[in-house]
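Architecture at a glance
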Amino acid sequence: MEKHIRLPLTEETARSLHAGDTVYLTGTIYTSRDAGHKRMCEALEKGQPLPFDPADSVIYYVGPTPAKPGQVIGSAGPTTSGRMDAYAPAMLSVGARGMIGKGARLPQVIEAMKKYSGVYFGATGGAGALLARCIKKSELIAYEDLGAEALRKLYVEDMPLVVIIDSEGRNLYEEGRAAYLKHHKK
Amino acid sequence: MIEKLCIEANQQLPKDVRQALRCCRRQEDWEIAQGVLDQIIENSEIARQEQVPICQDTGMACVFLEIGQDVHITGGALSEAVDEGVRRGYERGYLRKSVVKDPLRRENTGDNTPAMLYTEIVPGTHITVSVVPKGFGSENMSAIRMFKPSHGLSGIKDFILETVEAAGPNPCPPMVVGVGIGGTFDKAALLAKKALIRPIDSSHPDPFYRDLETEMLEKINELGIGPQGFGGRTTAIGLNIETMPTHIAGMPCAVNISCHVTRHQTEVI
Ligand code: SF4
């Protein structure tokens, strides 16, 4: 199914998405990789606020290349999500609802997604130039010292994504492959 | 020259990879996989036209120098010259600086140096320079194993499939697979890396390994992982094997995984 979604990602919208859906996302998202997640989780442990309001937010796991003069942002494809698995349940527990990345997730992340109605989206890994075209605004909001890993607020338009794991825990990595193999064994 | 090669390698996919992607797109009959391959092909065209990096992971700069033995290099240290080229390329090409000074303490060097430099002395009067930016999403899924000779061919085949299976969706499939067999622990890994640089439309000169390359690529593409791991035929667009003599007691095998953004640029001085 093809769906056009406007952010923020409410619980209701999140629950309407299913593994395998193609989604075009429009709205504000936040970027973070391992180093940024580590800091945010340390802040949460100390009871300090995050650099952005996590409620119904979507976090894009990306470390873009530097923007050329005149560009909004450099190439900006997803990084391997597994490195954020240690932090994702904590982020979901404070209201973050969507994650954009690539690659497999641990069972504890999927459990947390079911509990808090989270969605894991895939962007095409390696398609950094194409994805950058959907990013219309980029603003550095925290952890500037982390360079490519600094926290950014992005405005995206019709960002092409696929739902990999939905809020019921259904997983395209398993189902898509099984469907393909079944179809080709006939 | 290294500056230029760093930038070009990151913006332009080599011809062999472009052709392999198109060929796989024609053979792909699974809808979601076709869509992903179309995006990947479009992305590489955007990168080339707009002169921006194909992928945001502009990698560690692996540099291979084949130095003719009659060449005399003057005017300073060769490794410093290489690092300076990388430094300029990553700065002027707006490439991401993805190298940390220390593996455990993890402070960024800020300029993507040092290069991973390999030199080899060859006959002749020229220097062949190859720049291979290597991303770590795929590098992290690579593996090496010291087999007993008794494990034989089937041990190697299983290991290649196991490594691709374990990599799954993480290395941005479709992948390119480099296999190094023989030598010592370290040589096998280097052979696997070199296998990734050989054009993917070329074959091993020995028919035995040429057939093994074909067979393993077919087997990988029967796994069903597909582009991005969403299911489909195209799990890998190429597989190269490099081999060398080894010890009577051993059979090292390394599998270096790369992605559809397998980059390399070469020039001769
Ligand atoms: S694995 Fe390759 S395509 Fe994927 S992010 Fe890394 S360099 Fe880019």
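The notes below deal with the structure included here. (Residues numbered from 1 in each chain as written. Chains lettered and ligands numbered in written order. Predicted model: local features only at pLDDT ≥ 70, side-chain atom pairs only at ≥ 80, totals over all residues. Heavy atoms only, no water.)

Considerations on the overall build of chain B
- In terms of helices and strands, chain B carries eight helices and eight strands.
- A buried classification covers 55% of the 269 residues belonging to chain B.
- A fraction of 80% describes how many contacts in chain B between residues 6 or more apart in sequence connect residues 24 or more apart.
- Accessible area for chain B stands at about 11900 Å²; split by element, carbon and sulfur atoms hold 53% of it.
- Taken together, the 27 basic and 35 acidic charged side chains of chain B have centroids lying 2 Å from each other. (Helix = DSSP H or I, 4+ residues; strand = E, 2+ residues; numbered from the N terminus. Buried < 20%, exposed > 50% of the residue type's maximum accessible area, 1.4 Å probe, protein only. Contact = heavy atoms within 4.5 Å. Areas by Shrake-Rupley, 256 points an atom, 1.4 Å probe, with all protein chains shown as cover. Lys, Arg positive; Asp, Glu negative; His and termini not counted. Charge placed at Lys NZ, Arg CZ, Asp CG, Glu CD.)

Examining the overall build of chain A
- Broken down by element type, chain A carries six helices and seven strands.
- When its helices and strands are written in sequence order, chain A yields β-α-β-α-β-α-β-α-β-α-β-β-α.
- For chain A, whose C-alpha radius of gyration is 16 Å, the value lies close to the compact-globule estimate of 16 Å for 186 residues.
- Reported as C-alpha extents along the three principal axes, the dimensions of chain A are approximately 55 × 40 × 25 Å.
- Looking at chain A as a whole, 55% of its 186 residues are labelled buried.
- At a minimum sequence separation of 6, the contacts of chain A that also span at least 24 residues come to 63%.
- Taking the average place of the 24 positive charges on the side chains of chain A and the average place of its 21 negative ones, the gap between the two points comes to 5 Å. (Rg over C-alpha atoms; globule rule 2.2 N^0.38 Å.)

Focus: the pattern of salt bridges
Residues and elements named next belong to chain B.
- Tallied over the full model, the rule gives 30 salt bridges over all chains.
- Across the salt bridge formed by Lys4 and Glu267, the nearest N and O atoms sit 2.8 Å from each other. With Lys4 in helix α1 (residues 2-11) and Glu267 in strand β8 (residues 265-268), this residue pair connects regions lying 263 residues apart in the sequence.
- Judged by relative accessible area, Glu267 falls into the partly exposed class, the value being 27%. (Salt bridge = Lys/Arg side-chain N within 4 Å of Asp/Glu carboxyl O.)

Considering the nonpolar core
- The biggest cluster of nonpolar side chains holds 80 residues, and the ones touching the most others in it are Leu9, Leu25, Ile29, Tyr60, Ile100, Phe121 and Met159 of chain A.
- Ranked by the residues each element gives to this core, the list is headed by strand β7 (residues 151-165) of chain A, at nine residues.
- Excluding its chain neighbours within four sequence positions, the residues that come into contact with Leu25 of chain A are Ile5, Leu7, Val58, Ile100, Val156, Glu157, Asp158, Met159 and Leu161 of chain A.
- In this structure, Tyr209, Leu212, Ile220 and Val255 of chain B belong to the second largest nonpolar core, which totals 25 residues. (Core = buried A, V, L, I, M, F, W, Y, C linked by side-chain atoms within 4.5 Å.)

A short note on the interface of chain B and chain A
- Each partner contributes to the interface: chain B provides 40 residues, whereas chain A provides 39 residues.
- In total, chain B and chain A occlude about 3200 Å² of area from one another, counting both sides; carbon and sulfur atoms represent 57% of this.
- Interface area lost by chain B to chain A is led by Gln56, Tyr94 and Phe230 of chain B, which between them contribute 22%.
- Our count for the contact surface shared by chain B and chain A stands at two salt bridges.
- With a closest N to O distance of 2.8 Å, Glu165 of chain B and Arg177 of chain A form a salt bridge.
- Counting across the interface, chain B meets chain A through 21 residue pairs in polar contact (both at pLDDT 80 or more).
- Examining the composition of the side of chain B that touches chain A, we find that nine residues originate from one element, helix α3 (residues 31-50) of chain B, more than from any other.
- The residue inventory of the side of chain B that touches chain A, partitioned by class, reads 18 nonpolar, 13 polar and nine charged. (Buried area = accessible area lost by both parts, 1.4 Å probe. Polar contact = N/O pair within 3.5 Å; in protein donor to acceptor, adjacent residues only side chain to side chain. Nonpolar A, V, L, I, M, F, W, Y, C, P; charged D, E, K, R; others polar.)

Some points on the site of the ligand
- Around the ligand there are 13 residues in total, and Gly126 of chain A together with Cys55, Cys172, Cys259 and Arg263 of chain B lie nearest to it.
- Near the ligand, residues from chains A and B are present, making the site a shared one. (Near = heavy atom within 4 Å.)

A closer look at the packing of helix α2 (residues 15-27) of chain B against α3 of chain B
Residues and elements named next belong to chain B.
- Close contact between α2 and α3 brings their axes to 10 Å; oriented N to C, the two are set at 155°. By the criterion of interaxial angle, the relationship of α2 to α3 is roughly antiparallel. The two elements α2 and α3 cross, and the hand of that crossing is left-handed. Taken together, the residues of α3 that come into contact with α2 (itself represented by Arg18, Leu21, Arg22, Cys24 and Arg25) are Gln34, Leu37, Asp38, Ile40, Ile41, Glu45 and Arg48.
- By residue class, the composition of the contact of α2 with α3 is five nonpolar, one polar and six charged. (Axes fitted to C-alpha atoms, helices over the stretch in contact; angles between N-to-C directions. Parallel < 35°, antiparallel > 145°, perpendicular 65-115°, else oblique. Left-handed = near helix turned anticlockwise from the far one by under 90°.)

Describing a nonpolar patch on the surface
- Among the surface-exposed residues, Ile144, Met146 and Phe185 of chain B lie close enough to one another that they form a single nonpolar patch of about 280 Å² accessible area.
- Positionally, Phe185 of chain B belongs in helix α7 (residues 185-197). (Patch = residues over 30% accessible without salt bridge, like charges linked within 9 Å, V, L, I, M, F, W, Y side chains within 5 Å.)

With respect to unusual backbone geometry
- Cis geometry marks the peptide bond from Leu7 of chain A to Pro8 of chain A; its omega dihedral reads 5°.
- Residue position: Pro8 of chain A is located in the loop between β1 (2-6) and α1 (11-16).
- Cis rather than trans, the peptide bond between Pro173 of chain B and Pro174 of chain B has omega equal to 10°.
- Tracing the backbone shows Pro174 of chain B in the loop between α6 (152-167) and β5 (175-183).
- Here Ser117 of chain A, not a glycine, exhibits a phi torsion of approximately 55°, which is positive.
- Topologically, Ser117 of chain A is positioned in the loop between α4 (107-116) and β5 (119-122).
- Residue Ser117 of chain A is classed as buried on the basis of its relative accessible area, which comes to 1%.

Section: the sheet that holds β5 of chain B
Residues and elements named next belong to chain B.
- The strand order across the open sheet built from four strands is β4-β7-β5-β6, with neighbouring strands paired in mixed fashion. One side of each edge strand has no neighbouring strand; the edge strands of this open sheet are β4 (143-147) and β6 (236-246). With strand direction ignored, the average angle separating the axes of adjacent strands in the sheet is 15°.
- Pairing geometry for β4 and strand β7 (residues 251-258), over five bridges, is antiparallel. When the bridges of β7 are listed, Arg145 appears paired with Cys253.
- Sheet contacts for α6: β4, β5, β6 and β7; angle to β7, the most-contacted strand, approximately 25°. (Pairing = 2+ DSSP bridges.)

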